[in-house]
Every structure is written in structure tokens, then in C-alpha cells.
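# Descriptive analysis of the structure
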Amino acid sequence: MSIAYTDITAALARTHGRTRPVTLSPPERGADFAGAEGFFAYEFVQHTGSFKARGAANFVGAHAGAGTLPEAGIVIASGGNAGLACAWAARQYSVPATVFLPETAPAVKVARLHALGARIRQVGSEYAEALEASRKYAAETGALESHAYDHPLIAAGAGTLLEEIRAASPGVDTVVVAVGGGGLFTGVTVAAHQHGIRVVAVEPADCRALNAALAAGAPVDVPVRSVAADSLGARRVTPMALEWAGRADAVSVLVSDDAIIAAREALWEQRRLAVEHAAATAFAALRTGAYAPAAGEKVCVVLCGANTGLGDLGNRS
């Protein structure tokens, strides 16, 4: 499977009016942006609380247009966010959605899935176990198998975000994104490469599927141990992501869990933005210097999701 810029433009047309256009924060300078001109893409206010709605809207819309949505509905494995997006998109077309989750999925995401009417199955402790169970379910029932990140329609839908960022801020030089399995990264990178925009891929140090694949020259299995694993906990990155990381000469950096937690707390304490750890992962790269912008560089940090509980925010003594 591969993806091209024409897939992004097709996704823009298909999802227009179904997803929320991205909102950007006012540009600012300071220590948090390493002295560069930085701003945020508030993608956490997207439908279902994350960028995943873009890919789901594109995937379900494409199948609806082709007449290939089965009565058995759609099945997906997810850490939470992709399942929410799939359930939301399926409901728009009046088809059922069955979502397989790890037993460790955050309660806030499970509760939201129930509210969207999804059929929920919780299996194992990692995303990979839920994925295996979802594939068995698809084979047994005839349900259409979607994917949290490894599908051209999903990645292309995510890539519409970059097109909107560029339209709202034409002079942007660099976009910083968190990476799990690589769906958001792939879509954003395809579009960014078309426009000469750099992409910085940020991963937790102990959840580094893309970084390890770049080092090995091929997707490889990695351990999944991070505070952001509920969203970024893929054992391996997609071949599409690795291909486009090389083609676009993307920058891959790692940050510690402590840095992720600190970035998330800073977003809350200083800006009253309540985001999940995956979203704070991108911001942590600038706050720690893992990515150091050049003088005059204009940097957009994608805050990709906010499906999180509030009980652990602002509680440090």
C-alpha cells in the first residue's frame, strides 16, 4: 500500500463539511518554542477529540460512495481514539461499528465509545492483541475492516490537516507531530513534502517505532512502554510511514516520559489546554531541545488529541 498527494486532495473533497477546519493559536516566541516563532494546531477540538476523525471520515465516506459498506458494519482495533472516530463516522452513515480495545484502554475512551453506540470488545493488554482479535472478527462476520493507521484512506484523511494548516498560515516552515503507528505522520508528510515544509516526528523514547525503523532500514517490532502508549503504542510503524520519512527527509527525535508529562502539565498550567499525553509528546520536543529550530523558523506544533481524564492535571505539589 502506498499514498500520493492526489490522495490528500481527494480526501479534502470527500471530507469537506464533515470534519472541523483546524484552529491555530496566535504565534508566539519564548523558551517553550526555543526562541522560534511557534504556534499550535488545535486538532484536539476535532470531532471525537482527535485528528482520527479525518481518516475515519475519509475511509467511511469512500466506501459509502463506492457502495461497499456491508450490513455487518465496520470493525477496527484501537487504543481508543481511532475507535471513537470510526464509531462517529459509521454512525453518520447508519452502519454499526465494532471496536476492539486493549483491556488497558483509558476508561474515558471506553465511556465515550459507549455513548457513540459502538459495540465494544476488550482483549489483551496491547493494541497488537486487539488487532489480531479484530481481524478474526472481520473474517467471521464479513464486517469491513478499518485500521487505526495502516491504510491509505486513513493516512490521506489525516493529511488534510496539513493542507488546512498551510492555508491558515502560508509561511509555516516546520510541522511537529507525534508518531505512533504512522497514520498522521504519513498523511502530513505527503502533503508537507508537496509544499516544501519540514516534518519533525516525535516519539517517546520507549515507544519508538519510526525511529527504530529508520535505524534498521525496515519496520521492526519495538517495546511499548510509555505514558503515551494508549495513543502511540504501536509495536511497529507502517511501511508507508517509513517510505515517506525517507522521501521527505523527515527529522526523527525522541523524548522521555518525564518530558511528556511536563509538557502536558505546562499546556494546562500556562494555557489551560487539557490534552492527552500523545499531544504533549510533540510539544516536548521543542521544550527539551530535542528539536532546535533555526533562527526565524516558523514552527507549528500539532496538539493531536484530548481524550483524557482531568484528575491528574495540575496536581503536583
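A brief look at the structure comes next. (Residues numbered from 1 in each chain as written. Predicted model: local features only at pLDDT ≥ 70, side-chain atom pairs only at ≥ 80, totals over all residues. Heavy atoms only, no water.)

### Topic: the nonpolar core
Core analysis: the biggest nonpolar cluster contains 71 residues, and Val-175, Phe-185, Val-301 and Leu-303 have the highest contact counts within it. Take this core: its biggest share by element is eight residues, from helix H12 (residues 277–288). Once residues lying within four places of it in the same chain are set aside, the contact partners of Leu-303 are Phe-40, Ala-41, Tyr-42, Glu-43, Phe-44, Leu-267, Leu-273, Val-275 and Ala-279. In this structure, Phe-59, Cys-86, Ala-97 and Ala-138 belong to the second largest nonpolar core, which totals 40 residues. (Core = buried A, V, L, I, M, F, W, Y, C linked by side-chain atoms within 4.5 Å. Buried < 20%, exposed > 50% of the residue type's maximum accessible area, 1.4 Å probe, protein only. Helix = DSSP H or I, 4+ residues; strand = E, 2+ residues; numbered from the N terminus. Contact = heavy atoms within 4.5 Å.)

### Side note on the pattern of salt bridges
Within this structure, the stated rule accounts for 14 salt bridges. Among the ionic pairs, Arg-235 bridges to Glu-126, the shortest N-O distance being 2.7 Å. Residue Arg-235 is located in the loop between helix H9 (229–232) and helix H10 (239–247), and its partner Glu-126 is located in the loop between strand E4 (119–122) and helix H5 (127–141); the two are separated by 109 residues in the primary sequence. The exposure class of Glu-126 is partly exposed, given its relative accessible area of 25%. The closest approach of N and O atoms between Arg-247 and Glu-243, which form a salt bridge, is 3.0 Å. (Salt bridge = Lys/Arg side-chain N within 4 Å of Asp/Glu carboxyl O.)

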